[in-house]
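# Summary of the model geometry
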Amino acid sequence: MTNLAISVSNLTKIFTDNKAVNALNLDVKEGEIMALLGPNGAGKSTTIRVLSTLSGFDEGEVHVGGVDIDRDPETVRRTIGVVAQQTGVEYFMTGRENMMVQGRLYKMKKADILARIDELAHYFELDKSIDRLVTTYSGGMRRKLDIATALIHRPKILYLDEPTLGLDIHSRKLLWKYIDELNKKFGLTILLTTHYLEEADSLSHRVAIINEGQIQIIGTSDELKNSIHGDSVVISFDDVNDKEKAFAEALKQSGQVSDILWDGNNLHLYVDNGASSVPPIMEQAAKDDIHVKTLSLARPTLDDVFLKYTGTSMLDTGEEETEEWWHQWAGKDGGKGNWKGNKWVNADGSQKGEWEDSEEWQGNDWVNPDGTAKETAPTTDTDPAADDSWQGNDWVNKDGQQKGDWGDSSNWQGNEWVDNEGKPKQDWSGTEQQAGSAEQNSNTPIDDGTTDTAETAAATPKDGDWKGNEWVKKDGQQQGDWGDSSDWKGNEWVDANGKPKSDWKK
Amino acid sequence: MLSDTWHLFNKYMTITLRMPLWSLFTLIQPLLWLIIFAQLFGSFVQTSNGNYMDFMVPGILIMTVLFGSSWSGVSLLREISAGTVDKMLVAPVSRVAIVLSRVMHSAIQVIAQTIIILVVAWSMGSTITMNPIYLFLGLTIVFLLGIGFAALSNGFAITLQREEPLVMIGNLMTLPLMFFSSAFVPKEFMPTWIQYASTINPISYAVEGVRAIMTTPQDLTLFAKDFAIILVFAMVTLAWAVSAFKALRD
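Remember, it's a predicted structure, so these values are computed and weren't measured experimentally. (Residues numbered from 1 in each chain as written. Chains lettered and ligands numbered in written order. Predicted model: local features only at pLDDT ≥ 70, side-chain atom pairs only at ≥ 80, totals over all residues.)

## Side note on the overall build of chain A
When its secondary structure is counted, chain A shows 14 helices and 31 strands. Scored against the burial criterion, the 506 residues of chain A give a buried share of 35%. Of the contacts made within chain A by residues no fewer than 6 positions apart, 62% connect residues no fewer than 24 positions apart. (Helix = DSSP H or I, 4+ residues; strand = E, 2+ residues; numbered from the N terminus. Buried ≥ 20, exposed ≤ 12 C-beta atoms within 10 Å, placed from the backbone. Contact = placed C-beta atoms within 7 Å.)

## Comments concerning the sheet that holds strand β1 (residues 4-15) of chain A
All names here are of chain A. The sheet built from four strands is open, its strands ordered β2-β1-β4-β5 with antiparallel pairing. With one partner strand each, in any of the chains shown, β2 (18-29) and β5 (67-68) form the two edges of the open sheet. Pairing between strand β4 (residues 59-64) and β5: two bridges, direction antiparallel. Looking across to β5, one finds that H63 is bridged to D68. (Pairing = 2+ DSSP bridges.)

## Looking at the packing of helix α7 (residues 132-160) of chain B against helix α10 (residues 202-214) of chain B
Residue and element names in this part refer to chain B. At a minimum axis separation of 8 Å, α7 and α10 run at an interaxial angle of 165°. One element, α7, and the other, α10, form an angle in the roughly antiparallel class. Between α7 and α10 lies a crossing whose hand is left-handed. Each of Y134, L137, G138, I141, V142, L145 and G148 in α7 lies in contact with α10, whose residues at this interface are P202, A206, G209, V210, I213 and M214. (Axes fitted to C-alpha atoms, helices over the stretch in contact; angles between N-to-C directions. Parallel < 35°, antiparallel > 145°, perpendicular 65-115°, else oblique. Left-handed = near helix turned anticlockwise from the far one by under 90°.)

## Concerning the interface of chain B and chain A
When the parts of a complex come together, some accessible area is lost, and that lost area is often taken as the interface size. Each side of the interface is counted separately: chain B has 21 residues, and chain A has 23 residues. Contributing elements (two or more residues each) for the side of chain B that touches chain A: α1 (2-18) and α5 (84-89) of chain B. Here the side of chain B that touches chain A is built from residues that sort into nine nonpolar, four polar and eight charged. (Nonpolar A, V, L, I, M, F, W, Y, C, P; charged D, E, K, R; others polar.)

## Here we look at the environment of A107(B)
Within the fold, A107(B) resides in helix α6 (residues 95-123). Setting aside its immediate chain neighbours within four residues, A107(B) contacts S69(B), F143(B), G146(B), I147(B) and A150(B).

## Focus on the pairing of strand β6 (residues 80-83) of chain A
Residues and elements named next belong to chain A. Neither face of β6 is exposed, since I80 and V82 on one face and G81 and V83 on the opposite face are all buried. As defined by bridge partners, β6 adjoins strand β7 (residues 157-161) across four bridges and the pair is classed as parallel. Looking at β7, one finds that G81 is bridged to L158.

## Structural notes on the sheet that holds β7(A)
Whenever strands of a sheet pair, they do so through backbone hydrogen bonds, lying parallel or antiparallel. Residue and element names in this part refer to chain A. Here we have six strands laid out as an open sheet, ordered β6-β7-β8-β3-β9-β10, and mixed in their pairing. Only two strands of the sheet have a single partner each, and these edge strands are β6 and β10 (214-219). Going across the sheet, the axis of each strand differs from the next one's by a mean of 15°, ignoring polarity.

Structure, rendered in structure tokens:
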């Protein structure tokens, strides 16, 4: 039996009202990179916190480096290096000072710390900036310093909680290289959490998909992909109604496909032979009078595995719902509630209050309670607008005619917005979560190359979609109302009277 | 534990010394009070030795302590959310040292501020003692009170977990504490109920003790009594803050 660096059995951690981790079992072998992949709130971070002695737990047994974490946390702390989600480095100290303090906390000798700092600074290519204040560092440099600081005491096991969250693609790739080398050269056991599929796929030896506080499946990423037989066909529709649902069911009944999974307006079909299964599917669609927007065929990816075991696509998990501080001050229900139509309802479904008038949106008209239109939006017919689409970076009519061009020829390239010389206009990394997910769209080999920009845009990690000029949730519910009845017309933003509000080209 | 405290304390001092302006900002209010109050009340408040300036300087010193150390908890919350605290906690660091280094840092900062106040007071004609031994003894009370309030602030920070209510408590606390004591007005001037309220106010004893040792004639017995009370106050609040911090492990 190989030695286990981490052994977790039956770990349960209960927060006041829910089980963040529920009877979780996990073994990590020495010298292995293990990725915990899961949506937000799946229990990844809680697990890491327990494993790094920051959190207690309610049930189960945890051994790190062969030591019972409950009995001897001090020894465990000496064995592990922890890089948390937030960079815990002090901004008003230099990189060297940061590492010095951390080394001191591990009771290391000064000379030893200094030697180790030089070694790590060199390794992470921070030699030049190590004596500069951290305030002058870039996000990627801070992350590197953070990891270097966590390695100061030569731990055998390293935890990385979302190590590349919010980093731009370049820094991310660089960090992967470092992490990979740490493992290969120094035999460091690494446990990392991530919600980037590509990260888990390319970096780790084994992937554990975690959801609702439990490991759903564990294995190498190839094993996971092979657990889904055959190929995956993804069909996306403009709209999902009974017709489409019946179509999917019929396909399953007929035995043409082995499994179906819905993900918003996308239908994932798993078939034995992708290429030969597409024509009959399309024939069936034509017969049922179903409009297929896009169809792509691919080998199953980790996203398919993820979808199968967590019920959500990885691409949908970009947005994190955070517990707001004011919830605990906002009454018994914690101020939780939601918009439902134009009413704000409490979490228990009771209505909190109502707007003074009960006008509503109907199509793109704002109507009075009696159904009379208050004002007619300039594009009274939603259909033509809905059929326009993005093509590359042009907004085109149904007939493919270009409506207008944007003022400059900048473009999206990966996750950067570049101008026509290909120079990045601005770095996207400031927007953390969003950026990461957006990037995922463009970099993860989720779909094969057949999907066009429009498709990728539709797959942004939101729980809704544009429908004509309205943003609707997955369940077809309208997300919110725009304040006025102005509208896009071609590439001009017009007000209710159809007068252009401002020219876009300026 | 002591070496952990020392290294962490050093870290905080390094950071503070990098931006000395921050600690100077908290000085503005006490300085304004020193100048305004001395001018405003000096003419009609009768004090035992007749010099209102001398009477209120100890009050201002203690006020500086309050303003200076009551924010220690806010920075603790910032550190918690920035992940700095976690970074300490994953290391084999004594948990006591984390709290201790914070309150020590806060108290030392307060000492530096009170020295500035003293210099200003002397330059404004106060006849507060310049005897180094008396000054040192007076500053021990300042230091202990600084520890006490910084510990309170840290303790509240951990129990409340939110910055907003903490700031609110800090604000609500400061003024009544100052006025329910003999910081600005001699006890004889106070209505009886405020006199009663002042007996449970640590600020009263701190002001009394500092005044007993820093103004002539010195009253060493009174100082010793007040010193003991403030020492107990500092120890109790510190113990509370440490136990709250230890319970932080969720």
